Amino acid sequence: MALGAVAEPPVRRRGSDYAQLSRRISQAGLLERRPGWYVTRIALTLGAFVAGWVAVFLLGDSWWQLPLAALMAVATTQVAFLGHDAGHRQMFRRRGPSELVGLLAGNLAVGLSYGWWVDKHNRHHANPNHEDEDPDVGAGALVWTPEQALETRGFGRWMAQRQAYFFFPMLLLEGLSLHVASIRAIVGREDGRYAVPMRHRAVEAALLVAHTVGYAALLLAVMSPVKALLFAVVHQALWGLYMGCAFAPNHKGMPMPTADDELDFLRKQVLTSRNVRGSRLVDTALGGLNYQIEHHLFPNMPRANLRRAQPIVRAYCVEQGISYAETGLIESYRQALGHLHEVGRPLRG
């Protein structure tokens, strides 16, 4: 270099940004498994779940079953959160124990196909909020981009114009939708092959049948058909609503990258995710999903460590000049609904 020339700063490769953050997280011990915490969490969650069904049996043919159905929706969602953790191998490093917990929590306890959910959720994590890659933002009952809205026709177009108003009511059908999707994933075929890859298809099918038969048999054994039907409606509707409310704040209304956007892993995960502030009660209510940024950066991090990882990740994003989205729970819903309303604007014009 010639004397007097100004030395340019070294160019940092963006791929190294995540590696630096990962080292900080690892050095803090936050990727270590938490077996004691999970033993306690599993015992408390399954204990409440089983106790709830025992209460259903003991209460018998009573209209008080309907409030109990609402409580069982909460317990069912908490069990589903355990299946989520197992799917990410947050509990165990080995696949076998993780799959066992996932199958028991998902297929048997909740009636949700673990294999289908893992396949779908992994694709979401790989490309969050990417219209062409993330199955969670594909056009369906709701649309997520103006382009998707303009492609709607008939009743779908009418819904797209007003979808922000119907979002929470539609979540009451989410439980039914998940059950139907699970069955279709197990039996659905395309070009002579099963459409959804699944490691334990026969086991999953048997567990779903056991769940359905056991669920119906218990309700019909202890209460009249009318009360049994109303219990199922309340339980499944509120379970779907709770699940939707836990997942809705995470990405809805956040940037939606396209194939033209060149984002490294760190920025892809951070810029498309939103955290929800709150106490440990919020942590429990949302199953740790309120730390969505940390969860997407380190999906196999035990849920109990996410709260401790947050200040490290947030400080690192400030260092790198990366926007870090964090808001309250109600505001997160306002932003998500605002996005849904804005998407339908071309149709209302």
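Sequence order sets the numbering: in each chain, residues are counted from 1 along the sequence as written. Where local features are concerned, this predicted model is filtered to residues with pLDDT of at least 70; where side-chain atom pairs are given and counted, the filter is 80 or more; whole-chain, interface and lining totals use all residues. Only heavy atoms go into the side-chain values, all of them from the structure, while hydrogens and water stay out.

A. Inspection of a nonpolar patch on the surface at higher detail. On the surface, Val50, Val54, Phe57 and Leu58 cluster together to form a nonpolar patch covering roughly 410 Å² of accessible area. With a relative accessible area of 66%, Leu58 lands in the exposed category. To count toward a patch, a residue needs a relative accessible area above 30% and no salt bridge. Like charges then connect within 9 Å, nonpolar side chains (Val, Leu, Ile, Met, Phe, Trp, Tyr) within 5 Å. Per-residue and other accessible areas follow the Shrake-Rupley method at a 1.4 Å probe size, with only the shown protein chains counted as cover for residues. Salt bridges are counted wherever a side-chain nitrogen of Lys or Arg sits within 4 Å of a carboxyl oxygen of Asp or Glu. Each residue's exposure class comes from its accessible area (1.4 Å probe, protein chains only) as a fraction of the maximum for that residue type: buried when under 20%, exposed when over 50%, partly exposed otherwise.

B. Up close: the pattern of salt bridges. Scanning the model with the defined rule gives 13 salt bridges in all. Between Asp136 and Lys120 there is a salt bridge; the shortest N-O distance is 2.6 Å. Pair noted here: Asp136 is in the loop between helix H5 (114-126) and helix H6 (146-150) and Lys120 is in helix H5, with a separation of 16 residues, a long-range link. In this structure Lys120 comes out as partly exposed when scored by relative accessible area, which is 23%. Of the charged contacts, one joins Asp283 and Arg307 as a salt bridge, the two residues approaching to 2.8 Å between their closest N and O atoms. By the criteria applied, helices consist of DSSP H or I runs no shorter than four residues and strands consist of E runs no shorter than two, each listed in order from the N terminus.

C. Molecular detail of the environment of Gly175. Along the polypeptide, Gly175 turns up in helix H8 (residues 174-187). Residue Gly175 is classed as buried on the basis of its relative accessible area of 0%. Throughout, a residue-residue contact means that at least one pair of heavy atoms, one from each residue, lies within 4.5 Å. If we ignore the near neighbours within four places in the chain, the residues touching Gly175 are Gln236, Trp239 and Gly240.

D. Seen up close, the packing of aromatic side chains. Stacked, tilted and edge-to-face are the three classes applied to pairs of Phe, Tyr and Trp rings, where Trp contributes its six-membered ring and a pair requires centres within 6.5 Å; stacked means planes under 30 degrees apart, edge-to-face means over 60, and tilted covers the rest. Evaluated as defined, the whole model comprises eleven aromatic pairs. Note on Phe49 and Trp53: the rings are 6.3 Å apart at their centroids and 85 degrees apart in plane angle, and the pair reads as edge-to-face. With a gap of four residues between them, Phe49 and Trp53 both fall in helix H2 (residues 35-59), about one helical turn apart. Considering the side-chain rings of Phe168 and Tyr333, the 5.5 Å spacing of their centres and the 85 degrees angle between planes classify their relative orientation as edge-to-face. Residue Phe168 is located in helix H7 (residues 154-171), and its partner Tyr333 is located in helix H15 (residues 329-343); the two are separated by 165 residues in the primary sequence. Relative accessible area serves as the criterion here: at 25%, Phe168 is assigned to the partly exposed category. Clustering of aromatic rings is evident, with ring pairs tying together Phe49, Trp53, Tyr215 and Phe231. If you follow Arg201 out to its NZ or CZ, it ends over the ring of Tyr194, 3.8 Å from the centre. Sitting over a ring, as applied to charges here, requires NZ of Lys or CZ of Arg to be within 6 Å of the ring centre and within 35 degrees of the ring normal.

E. Region of the structure containing the environment of Glu262. By secondary structure assignment, the location of Glu262 is in the loop between helix H10 (225-251) and helix H11 (265-271). Judged by its relative accessible area of 72%, Glu262 falls in the exposed class. In this structure the C-alpha to C-alpha distance between Glu262 and Ala141, which are 121 residues apart in sequence, comes to 30 Å.

F. Focus on the nonpolar core. Definition used in this section: a nonpolar core is a set of buried Ala, Val, Leu, Ile, Met, Phe, Trp, Tyr and Cys residues joined via side-chain atoms within 4.5 Å. Formed by 35 residues in total, the largest nonpolar core has its most connected members in Trp53, Val56, Trp116, Leu219 and Phe231. Taken together, the elements giving at least two residues each to this core come down to H2, helix H3 (65-87), helix H4 (95-110), H5, H8, helix H9 (201-222) and H10. In terms of residue count, the dominant contributor to this core is H3 (seven residues). Trp53 has contacts with Met72, Tyr215, Leu218, Leu219, Phe231 and His235, leaving out every residue within four places of it along the chain. Among the nonpolar cores identified, the runner-up in size contains 17 residues, and Leu30, Met301, Val313 and Cys317 belong to it.

G. Looking closely at the packing of H3 against H5. Remark: H3 packs on H5, axes separated minimally by 11 Å, with the N-to-C direction vectors making an angle of 60 degrees. Here H5 runs oblique to H3, going by the angle between their axes. In the packing of H3 onto H5, the handedness of the crossing is right-handed. Across the interface between the two elements, Gly83, His84, Ala86 and Gly87 from H3 touch Tyr114, Trp117, Val118 and His121 from H5. Amino acids outside the nonpolar list (Ala, Val, Leu, Ile, Met, Phe, Trp, Tyr, Cys, Pro) and the charged list (Asp, Glu, Lys, Arg) are all regarded as polar, and Gly is one of them. For the contact of H3 with H5, the class distribution of residues is four nonpolar, four polar and no charged. Axes, fitted as lines to C-alpha atoms, cover a helix only where it is in contact. Angles between the N-to-C directions of the axes lie from 0 to 180 degrees. Oblique is the label for every angle not falling under 35 degrees (roughly parallel), over 145 degrees (roughly antiparallel), or within 65 to 115 degrees (roughly perpendicular). A crossing counts as left-handed when the near helix is turned anticlockwise from the far one by less than a right angle, and as right-handed when that turn is clockwise.

H. Spatial organisation of the confidence of the model for the protein. pLDDT expresses, on a scale from 0 to 100, how confident the predictor is about each individual residue. With 96% of its residues at a pLDDT of 70 or more, the protein shows a mean pLDDT of 92. For residues 1-12, every residue scores under 50 in pLDDT, and the model assigns this stretch four contacts once sequence neighbours within four places are set aside.

I. Up close: the environment of Leu230. Inspection of the secondary structure assignment puts Leu230 in helix H10. Sequence spacing of Leu230 and Leu66 is 164 residues, and the spatial spacing of their C-alpha atoms is 7.3 Å. Among residues more than four places away in sequence, those in contact with Leu230 are Trp63 and Leu66.

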